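Close look at the chain arrangement
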Amino acid sequence: CGEQNVYVLLPFYTKVAPLQLAFGKQTAQLGYSSMLAWVPALLSPPRMQSYSNFASSLSHDQALQMLMIVIWNGAISSAFTSYAQSYGQRRIPATLASLLFTTQPLWNALLCSIFLHESIGAIGIGGITLVLAALSNSLLKLSEDSEKSKEI
């Protein structure tokens, strides 16, 4: 596939590199989330007092744990995944990227089963089977098309 210059055309016809777009998206999310968390508190003295009481009740270890959770959710779960997705989509064909995205429910079920000890019922197993069958069919078709294009 190789390196390609891929740009996203926004409605006002400005070229924006995908990684730059991902950075902008995450920055906007941070701003909106912060605003939605703090503006109501600033407008409501009882809510501000509630925030203050909660913060002062935390031990040093609890405050550190909370800070680490916020950093993890912001930096890894949100910003890194958006960056990695944009980075990866530049390096693989769009059809393969869309096929990989269809596996998200499978990963969700697997990780919930492992870490949260949730069971996968008959409907879940049926759904997993359908997704895997469709994915296999699409990958076979993709590989056949790739072989045909190499022969030409």
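Not measured: the values here are computed from a predicted model.

A word on the packing of helix H1 (residues 18–43) against helix H3 (residues 60–89). Running from N to C, H1 and H3 cross one another at 160 degrees; their axes reach a closest spacing of 9 Å. When the axes of H1 and H3 are compared, the pair comes out roughly antiparallel. Considering only the axes of H1 and H3, their crossing is right-handed. Touching Pro18, Leu19, Ala22, Lys25, Gln26 and Gln29 of H1 are Ser78, Ala79, Ser82, Tyr83, Ser86 and Tyr87, all from H3.

Within the element layout of this structure, Gln26 appears in helix H1. Taking relative accessible area as the criterion, Gln26 reaches 13% and is therefore assigned buried. Side-chain polar atoms of Gln26 contact the side chain of Gln29, separated by 3.2 Å.

Between the first and last C-alpha of H1 there are 37 Å, a value that for 26 residues agrees with the 38 Å anticipated at 1.5 Å per step. What H1 keeps buried is the set Pro18, Leu19, Ala22, Gln26 and Ala41.

In this model, His117 sits at a positive phi of 55 degrees, which is unusual for a non-glycine residue. Looking at where His117 falls in the secondary structure, it is placed in the loop between helix H5 (104–115) and helix H6 (122–151).

Of note, Thr102 is situated in the loop between helix H4 (94–101) and H5. Sequence separation between Thr102 and Val131 is 29 residues; the distance between their C-alpha atoms is 7.7 Å. In this structure the side chain of Thr102 is engaged in a polar contact, spanning 2.5 Å, whose partner is the backbone oxygen of Leu99.

So, how was this worked out
Residues numbered from 1 in each chain as written. Predicted model: local features only at pLDDT ≥ 70, side-chain atom pairs only at ≥ 80, totals over all residues. Heavy atoms only, no water. Axes fitted to C-alpha atoms, helices over the stretch in contact; angles between N-to-C directions. Helix = DSSP H or I, 4+ residues; strand = E, 2+ residues; numbered from the N terminus. Parallel < 35°, antiparallel > 145°, perpendicular 65-115°, else oblique. Left-handed = near helix turned anticlockwise from the far one by under 90°. Contact = heavy atoms within 4.5 Å. Buried < 20%, exposed > 50% of the residue type's maximum accessible area, 1.4 Å probe, protein only. Polar contact = N/O pair within 3.5 Å; in protein donor to acceptor, adjacent residues only side chain to side chain. Expected span 1.5 Å × (residues − 1).

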